[in-house]
Structures are given as C-alpha cells and as structure tokens.
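Coordinate analysis (summary)
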Amino acid sequence: ANNARVGNPVQLVSPPSDLAITSGPTGIAEVNLSAGTTVAVDIENQGTGPTTNVFNVGIYLSADSVFDTTDVSVGTNTVSDPLPVGASRSLQISVTIPQSHTLGTFQWLAVVDDTGTETESNEANNSAVGNTVEVVEKLADLIISVPPSGPNGVFRQGTYTVNTQIRNQGTG
C-alpha cells in the first residue's frame, strides 16, 4: 500500500514585526533655516517576529499631528541590521531645515518604516508627534568694528598685511 500523498504547497512565513516609536521625537525648540541639528527618537519591535528588511526612520516638520503629504522630510536614519522581538534602539537623527521652508511653528514628527519596506502586524503605530519647534530666520549682520590698518606705502606686486576686525551684530 502506498501511504504517501502529495498535498498543496505550504509557504512558511516568519511572524511579523511591529515597529513602534516609544519615545520622542525630541528636538530643539527653535531652529534656523538651513541649520542642522539632531532629533532623538526611540523605536521598538513590539511584534512576534524580527524585522526582515532594511527600514528608515524619518523625521519631518509637521503643521499638525497627522503624518501626511504636507509634512516636510528633514532627516532620515537607515536601520540595516535586524531588530529582534522586544529589542529597541535609541537614535539621534541628523536633520537639516531647508532654506525654502516656511517660517513659523511646527512639530517634530517621526515615522518608523516611513517608506513601507517592512511588513508589520500593525502599521497604525508607526508615527509619533514630538515637541513644538519654531522655524526662524536669523541673519548675520557683519560690520567692520576696527578700521583696516596696514603699511603707509606699498610697492607694486608686493605682499602686505592689512589688519581689521569684523563683528556680527546680527542674530544669525
């Protein structure tokens, strides 16, 4: 008697990860256009399986508390090594405010797996709103504070030293 049979193919899949932001984003309260700073965010895999893909954690400036197409990406951190179940990471993400960004009050917003590369059991907990940040434009205002001084007479094609002092009386 033949006791062997062929059945349907079975696909083995790993249990899904569930990436979540557990703290932050936390950044400075005032930032100048074109300036760089860092934003702190903690992430955790709350799923039943490890991460299986490279994923990004993005930092955005948001006018509200909802992640949408109006939010401006200002920085990202790529997590390339697997994040086991229950593991967390504390990240310091470098951000730069675009010179063209609107001035005003915004909120730091962090999104884990912002490009959707990791299959998760819960995609609803991937973003978090942080502290308020004021985007400002503080400009330099350079003045000569000590008049230039140098030799009284010079010769053509000579090399001379002229001394002066410049001071920034602006706010940037």
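Whatever comes next refers back to the structure up there.
Residues numbered from 1 in each chain as written. Predicted model: local features only at pLDDT ≥ 70, side-chain atom pairs only at ≥ 80, totals over all residues. Heavy atoms only, no water.

**What about the overall build of the chain?**
Summing up its helical and strand segments, the chain has zero helices and ten strands in all. Starting at the N terminus, the α and β elements of the chain follow one another as β-β-β-β-β-β-β-β-β-β. Taken along its principal axes, the extent of the C-alpha atoms in the chain is 115 × 40 × 25 Å. Counting the 172 residues in the chain, one finds 30% classified as buried. Summarising the internal contacts of the chain: among those between residues at least 6 apart in sequence, 70% fall at separations of at least 24. With the model as given, the accessible surface of the chain reaches about 10,600 Å², and the carbon-plus-sulfur share is 51%. Positive and negative charge centroids in the chain, built from 5 and 16 side chains respectively, lie 15 Å apart. (Helix = DSSP H or I, 4+ residues; strand = E, 2+ residues; numbered from the N terminus. Buried < 20%, exposed > 50% of the residue type's maximum accessible area, 1.4 Å probe, protein only. Contact = heavy atoms within 4.5 Å. Areas by Shrake-Rupley, 256 points an atom, 1.4 Å probe, with all protein chains shown as cover. Lys, Arg positive; Asp, Glu negative; His and termini not counted. Charge placed at Lys NZ, Arg CZ, Asp CG, Glu CD.)

**Points about the pattern of salt bridges**
Between side chains of opposite charge, a pair can form when the charged atoms approach closely. All chains considered together, the criterion is met by one salt bridge. Note that Asp 81 and Arg 89 form a salt bridge whose closest N and O atoms lie 3.0 Å from each other. (Salt bridge = Lys/Arg side-chain N within 4 Å of Asp/Glu carboxyl O.)

**Concerning the environment of Pro 16**
Secondary-structure assignment places Pro 16 in the segment before β1 (19-26). Discounting residues that sit within four places of it in the chain, Pro 16 has contacts with Gly 47, Thr 48, Gly 49, Thr 119, Glu 120 and Ser 121.

**Details of the nonpolar core**
Residues Ile 43, Phe 55, Val 57, Ile 59, Leu 61, Ile 97 and Trp 108 are the most contacted members of the largest nonpolar core, which totals 25 residues. Contributions of two or more residues to this core are made by β1, β3 (36-45), β4 (55-62), β5 (72-79), β6 (88-96), β7 (104-112) and β8 (127-136). Among all residues touching Ile 97, those that are not within four sequence positions of it are Val 31, Asn 32, Leu 33, Ser 34, Ala 35, Leu 61, Val 74, Trp 108 and Val 135. (Core = buried A, V, L, I, M, F, W, Y, C linked by side-chain atoms within 4.5 Å.)

**Focus: the sheet that holds β4**
With respect to topology, five strands assemble into an open sheet ordered β2-β8-β7-β4-β5, the strand pairing being mixed. At either margin of the open sheet sits one strand with a lone partner, and together these are β2 (30-32) and β5. Going across the sheet, the axis of each strand differs from the next one's by a mean of 30°, ignoring polarity. Alignment of β4 against β5, held across seven bridges, turns out to be antiparallel. Among the inter-strand pairings, Val 57 is bridged to a residue of β5, identified as Asn 77. (Pairing = 2+ DSSP bridges. Axes fitted to C-alpha atoms, helices over the stretch in contact; angles between N-to-C directions.)

**Some details on the sheet that holds β6**
As summarised here, the arrangement of the three strands in space is β1-β3-β6, forming an open sheet in which the pairing is antiparallel. Among the strands making up the open sheet, the edge pair consists of β1 and β6. Taking each pair of neighbouring strands and ignoring which way they run, the sheet shows an average axis angle of 25°. Across nine bridges, β3 lies against β6 in antiparallel orientation. Note that in β6 the partner of Val 39 across the bridge is Ile 93.

**So, the environment of Glu 118**
Here Glu 118 lies in the loop between β7 and β8. When sequence neighbours within four positions are dropped, the list of residues in contact with Glu 118 reads Ser 17, Leu 19, Pro 50, Thr 51, Thr 52, Asn 53, Asp 113 and Glu 123. Separated by 2.9 Å, the side chain of Glu 118 and the backbone nitrogen of Asn 53 make a polar contact. (Polar contact = N/O pair within 3.5 Å; in protein donor to acceptor, adjacent residues only side chain to side chain.)

**Remarks on the side chain of Asp 18**
Counting through the fold element by element, Asp 18 comes out in the segment before β1. For Asp 18, which is buried and forms no salt bridge, the nearest opposite charge comes from Arg 89, at a distance of 15 Å.

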